[in-house]
Amino acid sequence: MAAGLGFIEFTTGDILTAASANGYLASQTVMVFASSAARASAIASPQEGMISFLKDTDTMQFYTGAAWSNVDTGASPLTTKGDLYTFSTTNARLGVGTNNQVLTADSAEATGLKWAAAASGGMTSIASGSLSGSSLVLSTIAGTYDNLQLVIRDLYGSSNADLRLTVNSVADYDFGQFDNRNGTASNNAYVSQSNFIPNYYNLSPSDNNNSLVINLYDYANTSAFKLIDTQIAYKNVDNVRELTKSWGVAKTTAAVTTVTLALSVGTYSGGTYILYGVN
Amino acid sequence: MPNPTIRIHNTETGEVIDRQMTADEFADYQAQQEIDEAKEAERAAKEAAKAELLERLGITAMEAKLLLA
């Protein structure tokens, strides 16, 4: 069949040639144009129900009475491995994302879907450094995590000393302790203390590879008290290996924005800290 | 003698500063030291009393634990 020639209005006396029959009559069942511009130029007043094919975009269109609209041919828009068949105002293809991305609803997207990085979990380092002076104050802590974890390594002071943990300016803590002093266990309980003490006996003033981990749970909530637990492995004032597990509560409903870890006496001689936000 | 210093780490800006305790902070620090000393004395007294009792009974801590088990 000859290529479509477009549109023509035959008038009385016109001679219908083979070329016209092939190029116009046959093709006017479905009028074929090079582009929508060519169609607009050829058909000044399209009629509702007309059907045309545009060669530049390979699309079939019909005239609604007001505009040319694509004919749904039922053809799949999928072209590539991992493509998803979606819909905007018409059927649409959503190309696969990159490795480890997840499909995410997003009303700002044409199809309402997009591939995006999975919401991050795990631990994020918020602050880190070396202990110095008589206390460490971690301030302006954003409330964007579920929990906080403060990891302290190799801490020791200039004197026999307790550690004192406080959050914000809270001076009311209840806590319990389970202590293993070189094989001898003891349980201890404290109420209404002005600070939370992670250790049972004083720490000795030397580098004993001490290790302390502090967890602050749900620290950003503004309605409930804040749960705390700590674990410390250290050498005590008698230079005896000791483990203390402490758990308790800071009696405040305010979001925790400041964490302070102080020595009861003296200054830090060693130790590093990392504050993690945990999700 | 200068007051002890405090290390303040602003987790938002990353700024770390070391400054001396204010008078109020130092007063609180000293008050806490007294509490700590009292607590430590209490712990030591408890330990001493335990050791004295074991000595009077003529048994070890492990044997006392067995008796109470």
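Rules behind the numbers
- Residues numbered from 1 in each chain as written.
- Chains lettered and ligands numbered in written order.
- Predicted model: local features only at pLDDT ≥ 70, side-chain atom pairs only at ≥ 80, totals over all residues.
- Heavy atoms only, no water.
- Pairing = 2+ DSSP bridges.
- Helix = DSSP H or I, 4+ residues; strand = E, 2+ residues; numbered from the N terminus.
- Axes fitted to C-alpha atoms, helices over the stretch in contact; angles between N-to-C directions.
- Buried < 20%, exposed > 50% of the residue type's maximum accessible area, 1.4 Å probe, protein only.
- Phe/Tyr/Trp six-rings, centres within 6.5 Å; stacked < 30°, edge-to-face > 60°.
- Contact = heavy atoms within 4.5 Å.
- Buried area = accessible area lost by both parts, 1.4 Å probe.
- Salt bridge = Lys/Arg side-chain N within 4 Å of Asp/Glu carboxyl O.
- Polar contact = N/O pair within 3.5 Å; in protein donor to acceptor, adjacent residues only side chain to side chain.
- Nonpolar A, V, L, I, M, F, W, Y, C, P; charged D, E, K, R; others polar.

Take the sheet that holds strand β14 (residues 184-193) of chain A next. Residues and elements named next belong to chain A. Strand order in the open sheet formed by eight strands is β9-β19-β11-β15-β16-β17-β13-β14, with antiparallel pairing between adjacent strands. Whereas interior strands pair on both sides, the edge strands pair on one side only; in this sheet they are β9 (123-130) and β14. Across the sheet, the mean angle separating the axes of adjacent strands is 15 degrees when strand polarity is ignored. As paired elements, strand β13 (residues 173-181) and β14 share eight bridges and run antiparallel to each other. If you follow Asn180 over to β14, its bridge partner there is Ala185.

Here we take up unusual backbone geometry. Residues and elements named next belong to chain A. If you check the backbone angles, Asn209 has positive phi at about 60 degrees while not being a glycine. For Asn209, the location among the structural elements is in the loop between β14 and β15 (211-217). One non-glycine residue, Asp218, adopts positive backbone phi at about 45 degrees. Overall, Asp218 belongs to the partly exposed group, its relative accessible area being 42%.

Residues and elements named next belong to chain A. In this structure, β13 lies alongside strand β17 (residues 241-250), joined through nine bridges in antiparallel fashion. The residue of β17 that forms the bridge with Asp174 is Val249. Summarising the sheet, strand β16 (residues 226-235) and β17 pair through 10 bridges and their orientation is antiparallel. In the sheet register, Lys226 faces β17, and the bridge partner there is Ala250. From the end of β16 to the start of β17, which pair antiparallel, there are five residues, and Asn239 there has a positive phi angle of about 60 degrees.

With that out of the way, let us pick up the packing of aromatic side chains. Residue and element names in this part refer to chain A. Counting across every chain of the model gives five aromatic pairs over all chains. Here the aromatic rings of Phe175 and Phe196 are separated by 4.8 Å at their centres, their planes lie at 35 degrees, and the arrangement is tilted. Here Phe196 lies in the loop between β14 and β15 and Phe175 lies in strand β13, a separation of 21 residues in the sequence. As far as the burial class goes, Phe175 and Phe196 line up, both buried.

If you look at the interface, chain B gives 21 residues, while chain A gives 34 residues. Across the interface of chain B and chain A, roughly 2,300 Å² is buried in total on both sides, 40% from carbon and sulfur atoms. By the criterion of area lost to chain A, the three top residues of chain B are Arg7, Thr11 and Arg43 of chain B, representing 30% of everything that side buries. Our enumeration of links across chain B and chain A arrives at one salt bridge. A salt bridge links Arg181 of chain A to Glu47 of chain B; its shortest N-O distance comes to 3.2 Å. Inspection of the chain B/chain A interface yields 18 residue pairs in polar contact (both at pLDDT 80 or more). Among the elements that line the side of chain B that touches chain A, the one with the most residues is helix α1 (residues 23-57) of chain B, at nine residues. Residues belonging to the side of chain B that touches chain A are distributed by class as follows: five nonpolar, six polar and 10 charged. Taken together, the five bridges between strand β10 (residues 135-139) of chain A and strand β1 (residues 5-10) of chain B define a ladder with parallel strand orientation. Each bridged residue has a counterpart across the sheet, and for Leu138 of chain A the counterpart in β1 of chain B is His9 of chain B.

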